[in-house]
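What follows is the residue order along each chain.
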Amino acid sequence: MTAPLTAGSVALDGNITAAPDAPEAFIASRGFWGHVGHRLVRDPVAMAAGILIVIVIAIAILSPWITPMDPYKGSMLRRLKPVGDATYWLGSDELGRDMISRLMLGSRLSLFMGVTPVLIAFVIGSGIGILAGYVGGWTNTILMRTIDVFFAFPSVLLAIALSGALGAGIFNSIVSLTCVFVPQIARVAESVTTGIRRRDYIDAAKLSGASAFTIMRVQVLGNVIGPIFVYSTSLISVSMILASGLSFLGLGVRPPEPEWGLMLNTLRTAIYVNPVVAALPGLAIFIVSISFNLFSDGLRSAMEIRQ
Amino acid sequence: MLLYILKRLVTVTPVAFGVSIVCFLLVHLAPGDPLSAVLPADATQQTIDEMRAAYGFDKPLPIQYAIWLWHVLHGDLGVSIATGRPVAQEVGRAVINSLILASVATLIGFTFGVFFGFVAGYRRNSILDRVASALSVFGVSVPHYWLGMVLVIVFSATLGWLPPTGAGPDGSGNWRPDFDHLRYIILPAVTMAVIPMGIIARTVRALVADILSQDFVEALRAKGLSEFGVFKHVVRNAAPTALAIMGLQLGYLLGGSILIETVFAWPGTGFLLNAAIFQRDLPLLQGSILVLAMFFVALNLIVDVMQTALDPRIERA
């Protein structure tokens, strides 16, 4: 990592003979995130996954204006049309509503309920983990032992137990999923922070008179946020599956709102009549979930984090 | 070794204690009175008070917890509000069914996961490695409740080879290892097996690749050991970690089976939990979650001890 330093000092000296070093210095000058972006762009699998995610997000944002038909308006005469129907391109559901419109509008809630818990847990979990890792001592013991208790529950069980106790609903689902991911992110944040708290640059910051809060905000956060972020992105896929799973069980979104997990549940009755249509919402969950997983894997190797 | 087990027991006790607190508080997270679901809307205040006293809901929380814990430690998980039967009895029956399903699934997942992991680890960057990697990504990304539905669509609804739901032909809730019951366990077990298969394949691949790159493998080959002999060494080095992951996966499957059990109407804990949630049967909810979580804690402990016993490289600190 000394390449940029030498290149810089050479440039200051005005020494032109350093020209052979130039390409290396050029790459290094991108900075860390520039590097990551550069590697990511050259990873075809991660790029394809990333593009898919962007498309789904675009559909989710634009869906109220671009759905071909009214996603709430059903027709008892046109129930369970097959895929490839002239009017209903992806068929119609058990109440005769257009599948493609409902899948498009459903992406809003499914994405929102899958991504939000991870985002909130990322903020809370990083906070707890960095605090525990940096302060150490009793604070660490108390925080991490409390977190151990939540690790004693398999995540699916914890999510369902909390949702079941709190009652059905979008807000409660997000709360219970957040509770599932906070301990997991906090544990990663704690171990990364513990790994760097004895480094020289932390001591240097202390000696320069920086307060504990400033050191945590600048030196610690800057060095640990990358690995925590990558770990968190790997949770989005699980979160999507769990969030839709809660709706599938009837603990999340309520009808008639379209959400992929809920659609899958209500279409279960149709598996003998029109199996392909019944399986479509699950396919949507699967595609988004696998895209997030592949993108997260790509991000991990681009950032050269070993797991 | 005995000392190590004792030490681990000591560290696990506070966790178990914490788990019991979480399970206890679950009931009090719920909006409204835990009894509101069973009492008729026109119940008199006297009836409500009597019921509250009968279930102990009139006392302060710490005392309620102490009483509850005392009963739990004596094997009494309370009485189901919906059925009036003891929770321990209901949970016990369901746990056995869940355990059967989860064990079969873990076994299938372990066998295929280890196979793919070894093939991929030995032939890094080959087509087989790509296939194995794709399968493991599939395993962790697929919504398993959807996979269950797809399997039902293909093998029950379309081909008619296997029954779509239930645990046995008589519709009874007890699974037995005979041919008729075997047909019922195939679809849920295969669905469930996909997750551990992906995770085990991924881990074993990394393990095998790491072991093969170590110096001692070079030394074994240099002294002229056959490839099968080297393979035996690789297996011995990979076994503790692979078995530990298998144990943990069993715990995850047991706790996470609710979605799959719902899809297949499998009469296990997931099915019971589902019923408890929708009938707002809070003692049953509390009891089944406590049993599952404690099972998971115990399994973690056993896995830890087994791994230490199997792998001399781990210090018994």
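Residues numbered from 1 in each chain as written. Chains lettered and ligands numbered in written order. Predicted model: local features only at pLDDT ≥ 70, side-chain atom pairs only at ≥ 80, totals over all residues.

Things to note about the overall build of chain B
And then number 1: Counting its secondary structure elements, chain B contains 12 helices and zero strands.
And then number 2: Along chain B, helices and strands appear, N-terminal first, in the series α-α-α-α-α-α-α-α-α-α-α-α.
And then number 3: Counting across all 317 residues of chain B, residues that qualify as buried make up 38%.
And then number 4: In chain B, the proportion of contacts linking residues at least 24 apart, taken out of those at least 6 apart, comes to 73%. (Helix = DSSP H or I, 4+ residues; strand = E, 2+ residues; numbered from the N terminus. Buried ≥ 20, exposed ≤ 12 C-beta atoms within 10 Å, placed from the backbone. Contact = placed C-beta atoms within 7 Å.)

As for the overall build of chain A
And then number 1: Secondary structure assignment for chain A yields 12 helices and zero strands.
And then number 2: Its helices and strands taken in sequence order, chain A reads α-α-α-α-α-α-α-α-α-α-α-α from the N to the C terminus.
And then number 3: Taking all 307 residues of chain A together, 44% fall into the buried category.
And then number 4: A fraction of 69% describes how many contacts in chain A between residues 6 or more apart in sequence connect residues 24 or more apart.

Some words on the interface of chain B and chain A
And then number 1: At the junction of the two partners, chain B supplies 39 residues and chain A supplies 33 residues.
And then number 2: Secondary-structure elements contributing two or more residues to the side of chain B that touches chain A are helix H1 (2-29), helix H5 (127-141), helix H6 (144-158), helix H9 (227-255), helix H10 (258-264), helix H11 (269-278) and helix H12 (282-310) of chain B.
And then number 3: A per-class count over the side of chain B that touches chain A returns 31 nonpolar, eight polar and no charged. (Nonpolar A, V, L, I, M, F, W, Y, C, P; charged D, E, K, R; others polar.)

Side note on unusual backbone geometry
And then number 1: Of note, the bond from Pro255(A) into Pro256(A) is cis; its omega dihedral lies within 30 degrees of zero at 5 degrees.
And then number 2: Non-glycine residue Ala265(B) carries a positive phi angle of around 50 degrees.
And then number 3: Structurally, Ala265(B) can be placed in the loop between H10 and H11.
And then number 4: Under the C-beta neighbour-count criterion, Ala265(B) is labelled partly exposed, with 14 such atoms within 10 Å.

Brief notes about the packing of helix H10 (residues 212-249) of chain A against helix H12 (residues 275-302) of chain A
Residue and element names in this part refer to chain A.
And then number 1: Direction vectors running N to C along H10 and H12 enclose 170 degrees, while the axes themselves pass 8 Å from each other. What the angle tells us is that H10 and H12 run roughly antiparallel. Across the interface between the two elements, Val230, Thr233, Ser234, Ile236, Ser237, Met240, Ile241 and Ser244 of H10 pack against Ile285, Val288, Ser289, Phe292, Asn293, Ser296, Leu299 and Arg300 of H12.
And then number 2: Here the residues of the contact of H10 with H12 are counted per class, giving eight nonpolar, seven polar and one charged. (Axes fitted to C-alpha atoms, helices over the stretch in contact; angles between N-to-C directions. Parallel < 35°, antiparallel > 145°, perpendicular 65-115°, else oblique.)

Some remarks on the environment of Thr233(A)
Residues and elements named next belong to chain A.
And then number 1: Structurally, Thr233 is set in helix H10.
And then number 2: Sequence separation of Thr233 and Phe295 is 62 residues, and the distance between their C-alpha atoms is 8.4 Å.
And then number 3: Residues contacting Thr233, with those up to four places away along its chain left out, are Phe292, Ser296 and Leu299.

A short note on the nonpolar core
And then number 1: If you look at the biggest cluster of nonpolar residues, it comprises 153 residues, and the most contacted ones within it are Leu158(A), Ala159(A), Ile185(A), Leu101(B), Ile200(B), Val204(B) and Ala293(B).
And then number 2: With 17 residues, the single largest contributor to this core is H10(A). (Core = buried A, V, L, I, M, F, W, Y, C linked by C-beta atoms within 7 Å.)

Structural notes on the environment of Asp148(A)
And then number 1: Inspection of the secondary structure assignment puts Asp148(A) in helix H6 (residues 137-151).
And then number 2: Judged by C-beta crowding, with 18 C-beta atoms within 10 Å, Asp148(A) ranks as partly exposed.

Some remarks on the packing of H1(B) against helix H3 (residues 61-73) of chain B
All names here are of chain B.
And then number 1: Where H1 meets H3, the closest approach of the two axes is 11 Å, and the angle between their N-to-C directions is 120 degrees. Comparing their axes, H3 and H1 come out oblique. The two elements H1 and H3 meet at a crossing, and its hand is right-handed. Here Ser20, Phe24 and His28 of H1 lie close against H3, whose contacting residues are Leu61, Tyr65, Trp68, Leu69 and Val72.
And then number 2: Of the residues contributing to the contact of H1 with H3, the split by class is six nonpolar, two polar and no charged. (Left-handed = near helix turned anticlockwise from the far one by under 90°.)

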